[in-house]
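A structural walkthrough
Listed below are the residues making up each chain.
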Amino acid sequence: MSDPRLSAINQLTSVGQTIPTPRSGNVSGVTFNDTLKNYINEANDLQLKADRDIQRMIAGEEIDAHEVMTAVEKANMSFEMVMEIRNKMLEAYREVMKTSM
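In what follows, the accompanying structure is described. A quick note: this is a predicted structure, and the numbers were derived from the prediction, not measured.

Take helix α3 (residues 65–100) next. Helix length check: α3, at 36 residues, gives a terminal C-alpha distance of 52 Å against a target of 52 Å (1.5 Å per residue), a fit within 8%. Where α3 is concerned, the buried positions are V68, A71, A75, S78, F79, V82 and M83.

In structure tokens, the structure reads:
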């Protein structure tokens, strides 16, 4: 089950910046857009895993409650990180819009 807030974040437009990352001695570019998509996809995957674990627990399957709580907290922390990134991006955008007028 996907969170509608994550799908809203997926609609962010592409930012043309590249971040150089070393790969086997060579420097190649990874776009900011790709990095952001990876974070969003990871947060979504963690949410889906937490949902599956909760469903398994409700169904009475043999699953450790600690494991379920850990999955839920990982998903929550990952989502909060994505939301903070979104908030900082919006804050920066608003600041740019103020200065350009």
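Structure shown, so let's carry the discussion forward.
Turning to its location among the elements, S78 is positioned in helix α3. For S78, a relative accessible area of 10% corresponds to the buried category. Counting along the chain gives 35 residues from S78 to A43, while the straight-line C-alpha distance between them is 5.2 Å. Leaving out residues up to four positions away in the same chain, S78 has contacts with E42, A43 and L46.

Moving on, we get to the environment of K74. With respect to the helices and strands, the residue K74 is situated in helix α3. For K74, a relative accessible area of 48% gives the class partly exposed. The spatial distance from the C-alpha of K74 to the C-alpha of K49 is 9.9 Å, given a sequence separation of 25 residues.

The next subject is the pattern of salt bridges. Counted according to the given criterion, the structure contains four salt bridges. A salt bridge links D53 to R56, with the nearest nitrogen and oxygen atoms 3.9 Å apart. Of the two residues, D53 and R56 both sit in helix α2 (residues 32–58), three residues apart, roughly one turn of that helix. The exposure class assigned to D53 is buried, which follows from its relative accessible area of 4%. With a relative accessible area of 30%, R56 lands in the partly exposed category.

About the thresholds
- Residues numbered from 1 in each chain as written.
- Predicted model: local features only at pLDDT ≥ 70, side-chain atom pairs only at ≥ 80, totals over all residues.
- Heavy atoms only, no water.
- Helix = DSSP H or I, 4+ residues; strand = E, 2+ residues; numbered from the N terminus.
- Expected span 1.5 Å × (residues − 1).
- Buried < 20%, exposed > 50% of the residue type's maximum accessible area, 1.4 Å probe, protein only.
- Contact = heavy atoms within 4.5 Å.
- Salt bridge = Lys/Arg side-chain N within 4 Å of Asp/Glu carboxyl O.

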